[in-house]
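What the coordinates show
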Amino acid sequence: MYLLQVFVLQALWVSWCHATQHYPASWGHYDVCKSQVYAEDRLAWHYMACQPEATDMTKYLTVSLDPPNITCGDPPEMYCALENPYMCNNECDADTEELAHPPELMFDSEGRNPTTFWQSTSWKKYPRPLQVNITLSWNKTIELTDDIVLTFESGRPEQLVLEKSLDYGRTWQPYQFYASDCLDAFTMEPKAVHQLTPNTMLEIICTEAYSTGYVWKYDKTVRFEIKDRFALLAGPRLHNMASLYGQLDTTKNLRDFFTLTDLRIRLLRPATGATMVDENNLSRYFYAISDIKVQGRCKCNLHANSCVFDKGKLGCECEHNTTGPDCARCKRHYQGRAWSMGSYLPIPKGTANICECKCNLHANSCVFDKGKLGCECEHNTTGPDCARCKRHYQGRAWSMGSYLPIPKGTANICEYILPSPSRHDSWEMFPGRGRKAMRVHLSFSLLPTARVCDNVLLRCQNGGVCHHHQHCQCLAGFGGVLCETAQCQGDSCEDLQSSQLSLRPLPTAQTLPLTLLSLIPSLLATRGLTSL
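Predicted model only: the values in this text are computed from it and were never measured. (Residues numbered from 1 in each chain as written. Predicted model: local features only at pLDDT ≥ 70, side-chain atom pairs only at ≥ 80, totals over all residues. Heavy atoms only, no water.)

A tally of helices and strands in the chain yields eight helices and 30 strands. Relative to its 532 residues, the chain shows a buried fraction of 40%. Counting contacts in the chain only where the partners sit at least 6 residues apart, residues at least 24 apart contribute 60% of the total. Surface accessibility of the chain: about 30,400 Å² in total, with carbon and sulfur atoms responsible for 53%. (Helix = DSSP H or I, 4+ residues; strand = E, 2+ residues; numbered from the N terminus. Buried < 20%, exposed > 50% of the residue type's maximum accessible area, 1.4 Å probe, protein only. Contact = heavy atoms within 4.5 Å. Areas by Shrake-Rupley, 256 points an atom, 1.4 Å probe, with all protein chains shown as cover.)

Set out below in structure tokens:
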């Protein structure tokens, strides 16, 4: 008995998993934008593609009707049933709450009794067409994730067009045509979505499947089949989402097909239930819609996992250093690389394609300091954008880093250059040599930040000891920055130098570099001196 229970629970679990993992609203691979990971013994951010959860988008729209006075009830009017022209017991009165049918009733919660619905005026001006445009606007780009479903309380229209806009209602393009006779209404051959192929999945079709006139219990809805079009790439049960994501990633037309800012329902001809219109009972002909469902999500270009409705407007809560209603541009100071949308690939976490600090590829992070954003510069560069070499690192001209070769690029670091010697000429009087003789003493000064006597640059001479990398502590009888000057005269200097060298021989690497020594003759020449 226990084994049977386990088997049943396992079967239920598998069934539930299959049911949820193939339903578009529950695609959960992209709900987290970043996570913390350890890198080089410290916490760092790892960024991923992300998008808001799918939801009922009718909670955030505004609706408008054209013509604006097309809603019934002003003046009050009686309506008859389409099936029975003599059953006329439905009254519409805009001044009575129980009898009013304003447009917001297309989006209220269903399940109440009696059913709430919007209703148009009747076709009392026949033979002039009874046409209505219902426009749903989000003032935000959204992406559809499930079928659009219109539920009619009246008979379903004999002619209807569903249209979309990508530019906030400035231009429109058809999504799908609906008619009881497609050839007669739109000069189009009737077609169903299941007749499309992956190569024709964006084709605009006319369908006759949703235009039966009479109101039956299960014949009230008109659909725009989003999931059936997804299935053309992802399989009948949407089991191959990687294929769909791959196509969405690389095909802009495919992404745009499921993207809109506004939706327009054009009601062109009401249900008549016959080939001829009964002109004696025009109160039978009208439109009534009890519910509209639009399932989707805010379009955030895979740079946000939440979308907020604030002050009547939808907006993405952008991540990845992006900004704007759709996270469609980089923040200020984060234009180090051109903006691009995130990527669904590789499955399952995608690629964030974050906006980087504008640091010319010489930093991997930006910091706020004293209210200003700046780069944490590397590669011996400095400045707000790492756009110049540090002092003493002008050994090569500054240039920005390079993305090539892939994948690591080239740093183009600023290289160290030995600071030019600063000459201090001091003149000394030597008595007993006839005319006043002058002798020049040369000394070399480096900036305080330079390491005068470390293991890479210069070392102290004549037995001197390097102190804190900044100056040499010289032995008796020697002076100068590098203990290069003998403070003695005649043979005693040679004896002193010989004795010191024998006590502490210096390796070649510790001697004054040839490049520095080569400067001495030129300095002497400028004074007209050839020797000390």
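Glancing now at the sheet that holds strand β7 (residues 118-119). Within a sheet, each strand pairs with its neighbour through backbone hydrogen bonds, oriented either parallel or antiparallel. Reading across the sheet, the four strands line up as β7-β15-β9-β13 and stay open at both edges, with antiparallel pairing between neighbours. The sheet is open, and its two borders are formed by β7 and β13 (221-224), each paired with just one other strand. The sheet contact formed by strand β9 (residues 148-152) and β13 spans four bridges and is antiparallel. In the sheet register, Ile148 faces β13, and the bridge partner there is Phe224. (Pairing = 2+ DSSP bridges.)

Summed over all chains, the structure comprises 14 salt bridges. With a closest N to O distance of 4.0 Å, Lys220 and Glu153 form a salt bridge. Residue Lys220 is located in the loop between β12 (206-207) and β13, and its partner Glu153 is located in the loop between β9 and β10 (159-165); the two are separated by 67 residues in the primary sequence. Judged by its relative accessible area of 24%, Lys220 is partly exposed. Residue class for Glu153 comes out partly exposed when judged on its relative accessible area of 26%. Arg266 is the partner of Glu163 in a salt bridge, and the nearest nitrogen-oxygen pair spans 3.5 Å. (Salt bridge = Lys/Arg side-chain N within 4 Å of Asp/Glu carboxyl O.)

We now examine the state of the cysteines. Here a disulfide denotes a covalent bond joining the sulfur atom of one cysteine to the sulfur atom of another. Under the defined criterion, the tally for this structure stands at 13 disulfides. The partner cysteine of Cys359 in its disulfide is Cys375, sulfur to sulfur 1.9 Å. The S-S bond linking Cys359 to Cys375 shows a torsion near -95 degrees; that makes this disulfide left-handed. Here Cys359 is found in the loop between β20 (329-330) and β21 (366-369), whereas its partner Cys375 is found in strand β22 (residues 372-375), with 16 residues between them in sequence. On the basis of relative accessible area, Cys359 is assigned to the buried category, the value being 0%. Between Cys377 and Cys386 runs a disulfide, and the two sulfur atoms are separated by 2.1 Å. (Disulfide = S-S within 2.5 Å.)

Moving on, we get to the environment of Phe258. Relative to the helices and strands, Phe258 resides in the loop between α5 (252-257) and β14 (259-269). The spacing of Phe258 and Gly296 is 38 residues in sequence and 9.4 Å in space, taken between C-alpha atoms. Excluding residues that lie within four positions of it along the chain, Phe258 makes contacts with Ile142, Glu143, Leu144, Tyr175, Met201, Ile226, Arg229 and Phe230.

Moving on: the pairing of β14. The buried fraction of β14 amounts to nine of the 11 residues, a majority that puts the element mostly inside the structure. Inspection of the sheet shows strand β8 (residues 132-144) paired to β14 by eight bridges, in the antiparallel sense. Bridge pairing in β14 places Ile142 opposite Leu260. In the sheet, β10 pairs with β14 via seven bridges, with the strands oriented antiparallel. When the sheet's bridge partners are listed, Ser165 is paired in β14 with Asp262.

The subject of this paragraph is the side chain of Thr322. As for its position among the elements, Thr322 is in strand β19 (residues 322-323). A distance of 2.6 Å separates the side chain of Thr322 from the backbone oxygen of Glu319, its partner in a polar contact. (Polar contact = N/O pair within 3.5 Å; in protein donor to acceptor, adjacent residues only side chain to side chain.)

A few words now on the nonpolar core. Where a protein is soluble and globular, its nonpolar side chains tend to be buried together. With 67 residues, the main nonpolar core has Trp118, Ile134, Trp138, Leu263, Leu267 and Ile292 as its most contacted residues. Other than its neighbours up to four places away in sequence, Ile292 contacts Thr58, Met106, Phe107, Leu136, Val149, Leu150 and Ile265. (Core = buried A, V, L, I, M, F, W, Y, C linked by side-chain atoms within 4.5 Å.)

The next point concerns unusual backbone geometry. Between Asp74 and the following residue, Pro75, the backbone shows a cis peptide bond with an omega angle of 5 degrees. With respect to the helices, strands and loops of the structure, Pro75 is situated in the loop between β4 (62-66) and β5 (77-79). For the bond running from Tyr126 to Pro127, omega is 15 degrees, close enough to zero to count as cis. Within the secondary structure, Pro127 is located in the loop between β7 and β8. Within the chain, Asn321 stands out as a residue other than glycine whose phi angle is a positive 65 degrees. Classification of Asn321 as partly exposed rests on a relative accessible area of 21%.

Applying the stated criterion to the full structure yields 13 aromatic pairs. Ring centres of Phe257 and Phe258 lie 5.2 Å apart, and the angle between their planes is 85 degrees; this geometry places the pair in the edge-to-face category. Owing to a relative accessible area of 9%, Phe257 belongs among the buried residues under this scheme. Given a relative accessible area of 4%, Phe258 falls into the buried group. Judged by centre distance (5.3 Å) and plane angle (80 degrees), the rings of Tyr393 and Tyr416 are edge-to-face. Taken together, the residues span a long stretch of sequence, with Tyr393 in the loop between β24 (388-389) and β25 (426-430) and Tyr416 in the loop between β24 and β25 at a distance of 23 residues. The exposure class assigned to Tyr393 is partly exposed, which follows from its relative accessible area of 24%. A residue is classified by how much of its surface remains accessible, and Tyr416, at 32% relative accessible area, is partly exposed. Here the aromatic cluster, defined as three or more aromatic residues joined through ring pairs, consists of Tyr175, Phe224, Phe230, Phe257 and Phe258. Positioned over the ring face of Trp45 is Lys34, at 4.5 Å from the centre of the ring. (Phe/Tyr/Trp six-rings, centres within 6.5 Å; stacked < 30°, edge-to-face > 60°. Lys NZ or Arg CZ within 6 Å of the ring centre and 35° of its normal.)

Right, let's get into the environment of Lys390. The residue Lys390 is located in the loop between β24 and β25 in this model. If we skip the residues at most four places from it in the chain, Lys390 touches Asn380, Thr381 and Thr382.

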